[in-house]
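Reading the structure
Residues per chain are reported as follows:
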Amino acid sequence: MVQIEQKELEAHRDEIIADVKKLVEKYRKIFDWDVPDIDQAVADKLIVLEVRKALDELEHKLLG
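The rules behind these values
Residues numbered from 1 in each chain as written. Predicted model: local features only at pLDDT ≥ 70, side-chain atom pairs only at ≥ 80, totals over all residues. Heavy atoms only, no water. Helix = DSSP H or I, 4+ residues; strand = E, 2+ residues; numbered from the N terminus. Rg over C-alpha atoms; globule rule 2.2 N^0.38 Å. Buried < 20%, exposed > 50% of the residue type's maximum accessible area, 1.4 Å probe, protein only. Areas by Shrake-Rupley, 256 points an atom, 1.4 Å probe, with all protein chains shown as cover. Lys, Arg positive; Asp, Glu negative; His and termini not counted. Charge placed at Lys NZ, Arg CZ, Asp CG, Glu CD.

Thoughts on the overall build of the protein
- Within the protein, the secondary structure is distributed over 2 helices and 0 strands.
- For a compact globule of 64 residues, the expected C-alpha radius of gyration is about 11 Å, and the protein comes in at 16 Å, more than 25% above that figure.
- With respect to the three principal axes, the spread of C-alpha positions in the protein is 50 × 25 × 15 Å.
- Counting only residues that meet the buried cut, the protein has 6% of its 64 residues in that class.
- As presented, the protein carries roughly 5,900 Å² of accessible surface, and 60% of it is formed by carbon and sulfur atoms.
- Averaging the coordinates of the 11 positive side-chain charges in the protein and doing the same for the 16 negative ones gives two points 1 Å apart.

Structure (structure tokens):
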């Protein structure tokens, strides 16, 4: 039997994904503004790594 928390997560999964995509796009735009000749692939990698690091830190704070 699926727990209520899992069902709630499933109901909001698409919204969570959309929010994360918006966050990444926000920083892609900032990189573009600040660095005109940016290597987009490198910038994307750095942004994703930083978001992942932030999520790891948040997980640690929330879950110990």
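Now, onward.
Here we look at the environment of isoleucine 17
- Residue position: isoleucine 17 is located in helix H1 (residues 4-34).
- A residue is classified by how much of its surface remains accessible, and isoleucine 17, at 41% relative accessible area, is partly exposed.
- Sequence-wise, isoleucine 17 and glutamate 50 are 33 residues apart; in three dimensions their C-alpha atoms are separated by 17 Å.

By themselves, these observations are geometric and do not establish any function.
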